[in-house]
2 protein chains.
Amino acid sequence: MAVYTHVSAEDMATFLQAYNVGTLISAKGIAEGVENSNYLLETTKARFILTLYEKRVNAADLPYFLGLMNHFAQSGLPVPRAVTNLHGDALQNLCGRNACMIDFLSGVSVSDPTALQAHAVGVALAQLRQSSDTFNMARINSMSLPAWQQMATACAPYADDVQPGLRALIDTSLAELAADWPTNLPTSHIHADLFPDNVLFLGNRVSGIIDFYFACRDIAAYDLAVCLNAWGFDADGKTAKAEPMQALQRGYESVQPLGPAEHAALPLLCQGAALRFLLSRLYDWVNTPATAMVTRKDPLAYARRLIWWRAQA
Amino acid sequence: MAVYTHVSAEDMATFLQAYNVGTLISAKGIAEGVENSNYLLETTKARFILTLYEKRVNAADLPYFLGLMNHFAQSGLPVPRAVTNLHGDALQNLCGRNACMIDFLSGVSVSDPTALQAHAVGVALAQLRQSSDTFNMARINSMSLPAWQQMATACAPYADDVQPGLRALIDTSLAELAADWPTNLPTSHIHADLFPDNVLFLGNRVSGIIDFYFACRDIAAYDLAVCLNAWGFDADGKTAKAEPMQALQRGYESVQPLGPAEHAALPLLCQGAALRFLLSRLYDWVNTPATAMVTRKDPLAYARRLIWWRAQA
């Protein structure tokens, strides 16, 4: 939630000369995401988000992320396009960082989504799935089962300091998921992190889907499971909210009905998605230095979701 | 350089209903200033900066700051106007903070001002001085000699840890300034903090003067002294830059020539301005917790300026 790399207006103006986007008239560092430095730029022609990728993003993955965004944008979905410069390149170097300009999209991220908004997100998510069929680049999910196992091992020594019983919850869930994780469900390119702060709304209409920096190819219905976790509970995970949760799935299935195997696996996928965010938050909770300019997110909000899904099983 | 208070899109939309500004279509937390939380809002009618005042701003001073900004805006100067709501109030409560919307102004803050830009700032500063004659609210300078003495006392135990000899530099300078500080120079409302990051440019034209949260009534030429420090050196204070420094003063005097007493006092005022920022940065250097989401500014950049001014005297 900060600007890690300061880019002077002079450097930004020089950077823009390599593009056909007009000249700079405004640049504001914005507190967006947790991984990168972002600026909202306005030129004489349009507005853009300039992202400088900080160390947590693997540079080798950037062509996949930007290619996927462009693929979705060209399919007519409300996804920002990566802007190419006069040489046809979207990825540049700026202040020692990989940097890219994407389209600015209007809309606001809601904190307490309504059922109508959740329905619209379900529709959009299924549209991403269908559109992604014709995208040919590849990226495996770096935050799937093997990563959960690594994070669980790393977090084991202090999990019970965060909350007594947390280690057992993680170990039990992980063992069951590892044993039963489906291997024959349809795959697609998935967003894998479509939380409310990554969706822009104008009223109840999805005007933007952003932050594709966990996108990958994985079980298609796992993306729905991530969304059911992110949109179907209050923020602290204490209350499941039936209306937006059901509306999201209804929206999704209105575009892309789940097959019988997907339906059967969905509760397990939802447990997996809850465990994934529990583990990454728990890992960050302990390993984020106090000096980092980020707000740590509560891992227990996802421990509660995991417990809830296990109680439904 | 951070957003301290998160305002949900829903709360922001509700907040805007008290204004005649249209409905919200975008809201981005921006990394602007060091004291407050700021959002760049776009509505169906216009763009605004929404500021939530954090604890370092004295709420009792806000009517002065906003009144002065409106006074300058009404005088045709490029200063944002504080937007009033349907009840005529500019100051509201939002998420437990005092909050105000001001006009968004285009332009970028330069890091390495040219002589032309410095000249334009000198002109604008003198215009502020002249326009402020007819503004009738009052605020004393909370960062003048008495505050310097308090900060010097607080910093004395560790000044030499930051750099050997710093305590003696502060003590000697402060004693001389306290003995000789002028008491009969013309006063005006002054910005008192018109650094390059508080000025927006479109090319070489000043398109915005922002961040009036140190404004006060004090010696008019002291505002020029602050600017000569802020615009007339490279950032770390190691090199005085004759061209922008002279251009800034030329620009100022092209609008508002200094009187003989002001000319005579200017070198001392410049020492005072250098000491003021040396002390506030030194104080913050030691007293800013590592967890604060701000970038501490180097006090030595102003120790070097102070030494430079003393060498000219």
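Presented here is a report on the structure given in the accompanying data block. All of these numbers come straight from a predicted model, not from anything done at the bench.

What follows covers the state of the cysteines. All names here are of chain B. Tallying each qualifying case throughout the model produces zero disulfides over all chains. Cysteine 95 provides the cysteine sulfur closest to cysteine 100, a residue in no disulfide bond, and the two sulfurs are 15 Å apart. The structure places no disulfide on cysteine 227, whose sulfur is separated from the nearest cysteine sulfur, that of cysteine 270, by 10 Å. Judged by relative accessible area, which is 0%, cysteine 227 ranks as buried.

Turning to the relation of the copies chain A and chain B, a few remarks are in order. When chain A is fitted to chain B, the best match, at an RMSD of 0.0 Å, comes from turning it 180° and sliding it 0.0 Å along the axis. On this basis, the relationship between the two copies can be described by a two-fold rotation axis. Taking C-alpha positions as the reference, the residue of chain A nearest the rotation axis is isoleucine 30 of chain A, at 2.1 Å. Of all interface residues in chain A, 100% are interface residues in chain B too; the two copies therefore contact each other through one and the same surface.

Contact residues are listed per partner, giving 31 residues for chain A and 31 residues for chain B. Here chain A and chain B share an interface that buries about 2,500 Å² over both sides, 56% of which is from carbon and sulfur atoms. The interface formed by chain A and chain B includes two salt bridges. Ionic pairing is found between arginine 47 of chain A and glutamate 42 of chain B, a salt bridge with its closest N-O pair at 2.9 Å. Mapped by element, the contributors of at least two residues to the side of chain A that touches chain B are α1 (9-16), β1 (24-30), β2 (37-43) and β7 (199-202) of chain A. Here the element with the most residues in the side of chain A that touches chain B is β1 of chain A; it accounts for seven residues. A class-by-class count of the residues in the side of chain A that touches chain B yields 16 nonpolar, nine polar and six charged.

How each quantity is defined
- The written sequence of each chain sets the order in which its residues are numbered from 1.
- Labels are handed out in written order, letters beginning with A for the chains and numbers beginning with 1 for the ligands.
- A pLDDT threshold of at least 70 governs which residues receive local features in this predicted model, and a stricter bar of 80 or more applies before side-chain atom pairs are shown or counted, although totals over entire chains, interfaces and linings include all residues.
- Think of the side-chain values as coming from all heavy atoms in the structure, minus any hydrogens and water.
- Two cysteine sulfurs form a disulfide in these notes if their separation is within 2.5 Å.
- Partly exposed describes any residue whose relative accessible area lies between the buried limit of under 20% and the exposed limit of over 50%, with all areas from a 1.4 Å probe on protein chains only and scaled to the type maximum.
- All copies are superposed by least squares; the fitting set is the C-alpha atoms of residues with a pLDDT of at least 70 in both.
- The contact definition used throughout considers only heavy atoms, calling two residues in contact when any of these lie within 4.5 Å.
- Summed over both partners, buried area is the accessible surface (1.4 Å probe) that two parts give up on being assembled.
- Any Lys or Arg side-chain nitrogen located within 4 Å of an Asp or Glu carboxyl oxygen qualifies as a salt bridge.
- Only DSSP runs of H or I covering at least 4 residues are called helices, and only runs of E covering at least 2 are called strands; the numbering of each starts at the N terminus.
- The residue classification treats Ala, Val, Leu, Ile, Met, Phe, Trp, Tyr, Cys and Pro as nonpolar and Asp, Glu, Lys and Arg as charged. All others, Gly included, are polar.

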